[in-house]
Amino acid sequence: MLTARVAVVVSGGGTNLQALIDAQAKGELKSGRIALVIADRAGIGAIDRAGKTGIDCAVIVRKEPDFEKKVLSALEAHKIDMVVLAGFLGIFSAELLRGFGKPMINIHPSLIPSFCGKGFYGLRVHQAALDYGVKVTGATVHYVNEVPDGGKIILQKAVGILPGDTPEILQRRVMEQAEWVLLPQAAEIVAAQLVREKESNK
Ligand code: GAR
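> Please set out the overall build of the protein residue by residue, giving values where relevant.
Broken down by element type, the protein carries six helices and seven strands. Here the C-alpha radius of gyration of the protein, 16 Å, is about what a compact globule of 202 residues would show, namely 17 Å. Its C-alpha atoms give the protein principal-axis dimensions of about 55 × 35 × 35 Å. Looking at the protein as a whole, 47% of its 202 residues are labelled buried. For the protein, the computed accessible surface area is about 9900 Å², with 53% contributed by carbon and sulfur atoms. For the protein, the separation between the mean place of its 24 positive charges and that of its 21 negative charges on side chains is 2 Å.

> I'd like a description of the site of the ligand, backed by residues and values.
Close contacts around the ligand come from 16 residues, with G14, T15, N16, G122 and E179 the closest. Interatomic distance of 3.3 Å between a backbone N/O atom of G13 and an oxygen atom of the ligand. Here an oxygen atom of the ligand and a side-chain polar atom of E179 are 2.7 Å apart. Protein chains shield 92% of the accessible area of the ligand, which is 450 Å² for the free molecule. With respect to the pocket detection grid, the ligand is positioned in the largest pocket. In terms of residue class, the shell around the ligand is made up of seven nonpolar, eight polar and one charged.

> How would you summarise the sheet that holds strand β7 (residues 153–160) if you had to cite specific residues and measurements?
Read from one edge of the open sheet, seven strands run β3-β2-β1-β4-β5-β6-β7, paired in mixed fashion. Lying at the two open borders of the sheet, with one neighbouring strand each, are β3 (57–59) and β7. With direction set aside, neighbouring strand axes in the sheet form an average angle of 20°. One ladder, built from three bridges, connects strand β2 (residues 32–39) with β3; its direction is parallel. Each bridged residue has a counterpart across the sheet, and for A39 the counterpart in β3 is V59. Where helix α3 (residues 67–77) meets the sheet, its contacts fall on β1 (4–10), β2 and β4 (82–85), and the angle it forms with β2 comes to roughly 155°. Against the sheet, helix α6 (residues 167–200) touches β1, β2, β4, β5 (104–108), β6 (136–143) and β7, its axis set at about 165° to β7.

> Describe the nonpolar core, listing the residues and the values that go with them.
Grouped together as the largest cluster of nonpolar side chains are 41 residues, with contacts concentrated most on V8, V10, V84 and I105. Tallying contributions element by element places α6 first for this core, with ten residues. Dropping the residues within four chain positions of it, V8 is found in contact with L17, L20, I34, L36, V37, I38, V84 and A86. Counting 21 residues, the second largest nonpolar core, distinct from the first, contains A35, F92, F100 and M104.

> Quick rundown of the layout of surface pockets? Include the residues and the values.
Taken as a whole, the largest pocket encloses approximately 710 Å³ of empty space. Taken together, 36 residues make up the lining of the largest pocket; nearest its centre are G87, F88, L89, Y121 and G122. Secondary-structure elements contributing two or more residues to the lining of the largest pocket are α1 (15–26), β5 and α6. Of the residues belonging to the lining of the largest pocket, the class tally is 15 nonpolar, 17 polar and four charged.

Rules used in this analysis
Residues numbered from 1 in each chain as written. Predicted model: local features only at pLDDT ≥ 70, side-chain atom pairs only at ≥ 80, totals over all residues. Heavy atoms only, no water. Helix = DSSP H or I, 4+ residues; strand = E, 2+ residues; numbered from the N terminus. Rg over C-alpha atoms; globule rule 2.2 N^0.38 Å. Buried < 20%, exposed > 50% of the residue type's maximum accessible area, 1.4 Å probe, protein only. Areas by Shrake-Rupley, 256 points an atom, 1.4 Å probe, with all protein chains shown as cover. Lys, Arg positive; Asp, Glu negative; His and termini not counted. Charge placed at Lys NZ, Arg CZ, Asp CG, Glu CD. Near = heavy atom within 4 Å. Polar contact = N/O pair within 3.5 Å; in protein donor to acceptor, adjacent residues only side chain to side chain. 1 Å grid on protein atoms, 1.4 Å probe; cavity = no way out; pocket = protein on both sides within 12 Å on 5 of 7 lines; lining within 4 Å. Sits in = over half its atoms within 2 Å of the grid points. Nonpolar A, V, L, I, M, F, W, Y, C, P; charged D, E, K, R; others polar. Pairing = 2+ DSSP bridges. Axes fitted to C-alpha atoms, helices over the stretch in contact; angles between N-to-C directions. Contact = heavy atoms within 4.5 Å. Core = buried A, V, L, I, M, F, W, Y, C linked by side-chain atoms within 4.5 Å. Points joined across faces, edges and corners; volume = space filled by probe spheres on them.

If you want it as structure tokens, here you go:
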């Protein structure tokens, strides 16, 4: 069967990458095959997770010149059909998105349009939700466009906030109850659509 070739872009520990790897092993992510991991800095946990599974991993340092050019070349060299941002803490330019020209999706740890956009990433998102005093937060998977966290929503799941939550405790609950479930599901939805398109073009 045809599958979509997936690149996963990461900046951290890679627990969302792991959820994708596990979903692939269980056959829940079946229309897409993780063909490449791009890590935006050296020494992060996500690189070990890719290595253990034998997935090609390119370390392309975000703070070095020509970062986006190098990312585009890696995507082209690996014939990537779709990109999953799984804890990528940078923002790709409109130029890169146009250059790639294929679907890119992102996981964000809040219910968009709350606590999202430039400056909202990682623990800061959970800190902002706690500071505001909302009683429900969650995670969102959406298409990436030129507006940070502004693309069409694919899946969203709510998670309750409990008394005594710290950003760290809340982050873990949002990951367990929402992110690790939603991201593989959304990746499968987008990959299945690409496979249908590839089949109808045969
Ligand atoms: C995840 O909570 C992800 O939603 C968030 O960073 C964390 C990465 O964890 N992403 C953003 O905040 C993007 N704006 P991981 O490396 O263990 O997957």
